[in-house]
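The chain contents come next:
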Amino acid sequence: MSADPLGQVQFVQAQLQSGVAVGGVGVEELQAFVEEHPRVLALSGAGISQHSGIPTYRDAAGVWKSNKPIQHGEFILHHATRQRYWARSYKGWPNVANARPNAAHIALSKLEDLGYVQTLVTQNIDRLHQKAGHRKVIDLHGRLDQVICIDCGETMTRADVQNWLAQNNAHLDEIKVTAAPDGDAQIEGEVLNDMQVPSCFRCSGLLKPNVVFYGSSVDKEIVNAVYDQLSQADALLVVGTSLMVFSSFRFCKFAQENDIPILCINEGLTRADDMLRLKVLADCGSTLQHLVQALPARG
Ligand SMILES: [Zn+2]
């Protein structure tokens, strides 16, 4: 993600308020366009996991709805930040672990089976596309079901780390919380001072979830893999994201520069609205289901 995502979001909001947006079209037009441009690279975001009970960061106008997310630098530098992260994540993780894919995830996986979606790039870290049976997925921002040691590179399952957290933080069990985006939860106050944070089971090094925090950046290899897939696609289909972070918006810029049409299904504004060929302003799940039913299988 960019070094200053919050600053960028404010800039984009100012742009959006100045009226850069396109009107929506019907799903039939989208279907006709996909039939003529059948090799699609899909790019999904938090809006798609909303109906699986995982909250989104922003409302339809792109405004932040809850706490600012954890910053990478602060997580690495400050023990107190890690205490806050692991306490909130300990309470928030079960909501992600137990989440089930919804109609949108399932329809995208069927579009892969039918031969339309060639590659799916997701900003989501919840692994719901994989749970829905989607095969070719690039997890742009990592995966929350893994934890990685930044000292020795060892990865471990989040389930094992969750067990450790439970055994060492019994004082958190009584606390009620509200689920927040990305497996986070609202939790503040003195209880954080007693929070025991996990360390590497192998080298006792510093552990972080295997995700890209704000203030860090996506691996170049992953970005280049997406560019490579995108350059072979007939169209870029953006689903359930406002594209506020540069890590995903850059693929729209790449598509525009290479004359690859950009299609979008989103209920709210996006940062790429003035770059879109077609936009369906509707629920992702029902729109994608319609596409699955209307499109013939490709040979
Ligand atoms: Zn280690």
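Reading guide: rules and limits
Residues numbered from 1 in each chain as written. Predicted model: local features only at pLDDT ≥ 70, side-chain atom pairs only at ≥ 80, totals over all residues. Heavy atoms only, no water. Buried < 20%, exposed > 50% of the residue type's maximum accessible area, 1.4 Å probe, protein only. Helix = DSSP H or I, 4+ residues; strand = E, 2+ residues; numbered from the N terminus. Pairing = 2+ DSSP bridges. Right-handed = clockwise from strand over helix to strand, strands pointing away. Donors = N, O, S within 2.8 Å, 3.2 Å for Na, K, Ca; no water. Tetrahedral: all angles 85-135°; square planar, octahedral: opposite > 155°, others 65-115°. Axes fitted to C-alpha atoms, helices over the stretch in contact; angles between N-to-C directions. Salt bridge = Lys/Arg side-chain N within 4 Å of Asp/Glu carboxyl O.

Caption draft 1: Quick peek at the pairing of strand β10 (residues 262–265). Burial along β10 is two-sided: the face carrying Ile-262 and Cys-264 and the face carrying Leu-263 and Ile-265 are both buried. As judged from the four bridges shared by strand β9 (residues 235–239) and β10, these two strands associate in the parallel manner. The partner of Leu-237 across the bridge, within β10, is Leu-263. In this fold, the crossover linking β9 to β10 by way of helix α9 (residues 246–257) has right-handed handedness.

Caption draft 2: Spotlight on the coordination of the zinc ion. Coordination of the zinc ion by the protein is provided by Cys-149 (SG), Cys-152 (SG), Cys-200 (SG) and Cys-203 (SG), with metal-donor distances spanning 2.3 to 2.4 Å. Metal-centred angles of 102 to 114 degrees between the four donor atoms at the zinc ion mark the site as tetrahedral. All donors of the zinc ion come from a single chain, and their spacing in sequence reads C-x2-C-x47-C-x2-C. Residue Cys-149 is located in strand β4 (residues 142–149), and its partner Cys-203 is located in the loop between β7 (184–185) and β8 (207–211); the two are separated by 54 residues in the primary sequence. By relative accessible area, which is 2% here, Cys-149 ends up buried.

Caption draft 3: Layout of the sheet that holds strand β1 (residues 40–44). Strand order in the open sheet made by the six strands is β3-β2-β1-β9-β10-β11, with parallel pairing throughout. The open sheet has two free edges, formed respectively by β3 (137–139) and β11 (278–280), since each of these has just one partner strand. Mean inter-strand twist for the sheet, computed between neighbouring axes without regard to direction, equals 15 degrees. Here five bridges tie β1 to β9, and the two strands are oriented parallel to one another. Residue pairing across strands places Leu-43 opposite Val-238, the latter belonging to β9.

Caption draft 4: Quick look at the pattern of salt bridges. On inspection of all chains with the given rule, the structure shows seven salt bridges. The residue Asp-234 makes a salt bridge to Arg-39 at a minimum N-O spacing of 2.9 Å. Here Asp-234, found in the loop between α8 (220–231) and β9, pairs with Arg-39, found in the loop between α2 (27–36) and β1; they are 195 residues apart in sequence, far enough to count as distant. Here Asp-234 falls in the buried class, since its relative accessible area comes to 19%. Put simply, Asp-113 and Arg-135 hold a salt bridge, and the shortest N to O gap is 2.8 Å. With Asp-113 in helix α5 (residues 103–113) and Arg-135 in the loop between α6 (128–131) and β3, this residue pair connects regions lying 22 residues apart in the sequence. By relative accessible area, Arg-135 is classed as exposed at 59%. Salt bridges linked by common partners bring Arg-127, Asp-139, Arg-143 and Asp-145 together as one network.

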